[in-house]
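A structural walkthrough
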Amino acid sequence: MNDNQLLRYSRHILLDDIGIEGQERLLAGHALVIGAGGLGSPAAFYLASAGIGRITLVDNDTVDLTNLQRQILHTTERVGRPKAESGRQTLAGINPEVEVIALAERVEGARLAELVSQAGVVLDCSDNFATRHAVNRACVQHRVPLVSGAAIRFDGQISVFDTRRDDAPCYACLFPPDQQFEEVLCSTMGVFAPLVGIIGTMQAAEALKLVAGIGESLAGKLLLLDARSMEWNSIRVGRSASCPVCGHAHGEQS
Ligand SMILES: [Zn+2]
């Protein structure tokens, strides 16, 4: 690290858990952020300010006036512009040392798998089950830890799916892909603005911990927040043997 970096990251370096070594691991890290909306905004903000080396920010949408109530990466004058590029611009202003790769595309299939395989951690900041399941499958396949967040109305949830650990579940263990869950989208339902800030910021915290190799992640635990009462519930979750994505039953049949 040069003198500027030692100053910029000094409040991290002062932490015994992080120190120079931990900060260097962050500087060498690469986070893939799927979605530059309500969750992706605060998540990417903290990843950039904290000095993660590279952020790939994926979003195929453009900034809309209705986004600005909560999607803090974007500004009024960027309405109509691609969110990924707007996010890159904001993050460059906070920390020009961070390499931000802005992808204004909907990534799926082989392209998604390729991006996941190149990342050290993936943050699912999307707003629909199809994307969540696709990201989870790619993360299980390439053994990349997934920090998953969701927020709607006043309800938030966050967990880490890290199948490098034998006992830890993947997203599909909790939410089987063949079950029909009611799809509730921020785009149509309403969401309390700071809720996405709370959950997205926690996603950044979990991602930074994983990359720096500090603390204990939320793997095996699902946190649920009711922001009306600001009450948290923690649920222990284990791997499902019958999970079609990470379960043992899947591979033994062939
Ligand atoms: Zn699973």
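Residues numbered from 1 in each chain as written. Predicted model: local features only at pLDDT ≥ 70, side-chain atom pairs only at ≥ 80, totals over all residues. Heavy atoms only, no water.

1. Focus: the coordination of the zinc ion
As a reminder of what qualifies: Note: metal donors comprise N, O and S atoms at 2.8 Å or less from the metal (3.2 Å for Na, K and Ca); water molecules are not included, so apparent gaps in a site are possible. In this description a helix means any DSSP run of H or I spanning at least four residues, a strand means any run of E spanning at least two, and both kinds are numbered starting from the N terminus. For each residue, the accessible area found with a 1.4 Å probe, counting protein chains only, is set against the maximum for its type, and the residue is called buried under 20%, exposed over 50%, and partly exposed in between.
Taken together, Cys170 (SG), Cys173 (SG), Cys243 (SG) and Cys246 (SG) make up the full set of protein donors to the zinc ion, lying 2.3 Å away. Each donor residue of the zinc ion belongs to the same chain, with the gaps between them written as C-x2-C-x69-C-x2-C. In this pair, Cys170 sits in the loop between strand E6 (155–161) and helix H8 (171–174) while Cys246 sits in the loop between strand E8 (231–236) and helix H11 (248–252), placing the two residues 76 residues apart along the sequence. Neither residue differs from the other here; Cys170 and Cys246 are each classed as buried.

2. What to know about the packing of helix H4 (residues 40–49) against helix H10 (residues 193–212)
To be explicit about the condition: Helix axes are fitted only over the stretch in contact, all axes being lines through C-alpha atoms; the angle between N-to-C directions runs from 0 to 180 degrees. Each angle gets one of four labels, with under 35 degrees taken as roughly parallel, over 145 as roughly antiparallel, 65 to 115 as roughly perpendicular, and the rest as oblique. Helix crossings fall into two classes, left-handed where the near helix is turned counterclockwise from the far one by less than a right angle and right-handed where it is turned clockwise. Here a residue-residue contact requires only that any non-hydrogen atoms of the pair lie within 4.5 Å. For this classification, the nonpolar set comprises Ala, Val, Leu, Ile, Met, Phe, Trp, Tyr, Cys and Pro, the charged set comprises Asp, Glu, Lys and Arg, and every other residue, Gly included, is treated as polar.
Contact pair H4 / H10: the axes reach a minimum separation of 7 Å and the direction vectors enclose 40°. One element, H4, and the other, H10, form an angle in the oblique class. H10 is crossed by H4, and the crossing has right-handed handedness. Across from Pro42, Ala43, Tyr46 and Leu47 in H4, the residues of H10 making contact are Val196, Gly197, Gly200, Thr201, Ala204, Ala207 and Leu208. Looking at the contact of H4 with H10 residue by residue, the classes come out as 8 nonpolar, 3 polar and no charged.

3. Description of the nonpolar core
Defined as follows: To qualify as a nonpolar core, a set must consist of buried Ala, Val, Leu, Ile, Met, Phe, Trp, Tyr and Cys residues joined through side-chain atoms within 4.5 Å.
Counting 41 residues, the largest nonpolar core has Leu47, Ile55, Leu57, Leu91 and Leu123 as its most contacted members. It is H10 that provides the largest number of residues to this core, a total of 8 residues. Counting 29 residues, the second-largest nonpolar core is a separate cluster that includes Leu112, Leu146, Phe175 and Cys246.

4. Let's talk about the side chain of Glu206
We count it as follows: Under the rule applied, a polar contact is a pair of N or O atoms within 3.5 Å (in protein, one hydrogen donor and one hydrogen acceptor; residues adjacent in sequence only if both atoms are side-chain atoms).
Turning to its location among the elements, Glu206 is positioned in helix H10. A polar side-chain atom of Glu206 sits 2.7 Å from a polar atom in the side chain of Lys209. At 2.9 Å, the side chain of Glu206 and the backbone nitrogen of Leu218 are in polar contact. When neighbours within four sequence positions are excluded, Glu206 is seen to be in contact with Val147, Ile158, Val160, Glu216, Ser217 and Leu218.

5. A closer look at the pattern of salt bridges
Cut-off, in case you're wondering: A pair is scored as a salt bridge if a Lys or Arg side-chain nitrogen falls within 4 Å of a carboxyl oxygen belonging to Asp or Glu.
Summed over the entire model, instances satisfying the criterion amount to 12 salt bridges. When the shortest N-O distance is used, the salt bridge between Glu114 and Arg111 registers 3.6 Å. Of this pair, Glu114 and Arg111 are both found in helix H6 (residues 109–118), 3 residues apart, which corresponds to roughly one turn of the helix. Residue class for Glu114 comes out partly exposed when judged on its relative accessible area of 37%. Between Asp162 and Arg164 there is a salt bridge whose closest N-O contact spans 2.8 Å. One network of salt bridges, with partners in common, ties together Glu105, Arg111 and Glu114.

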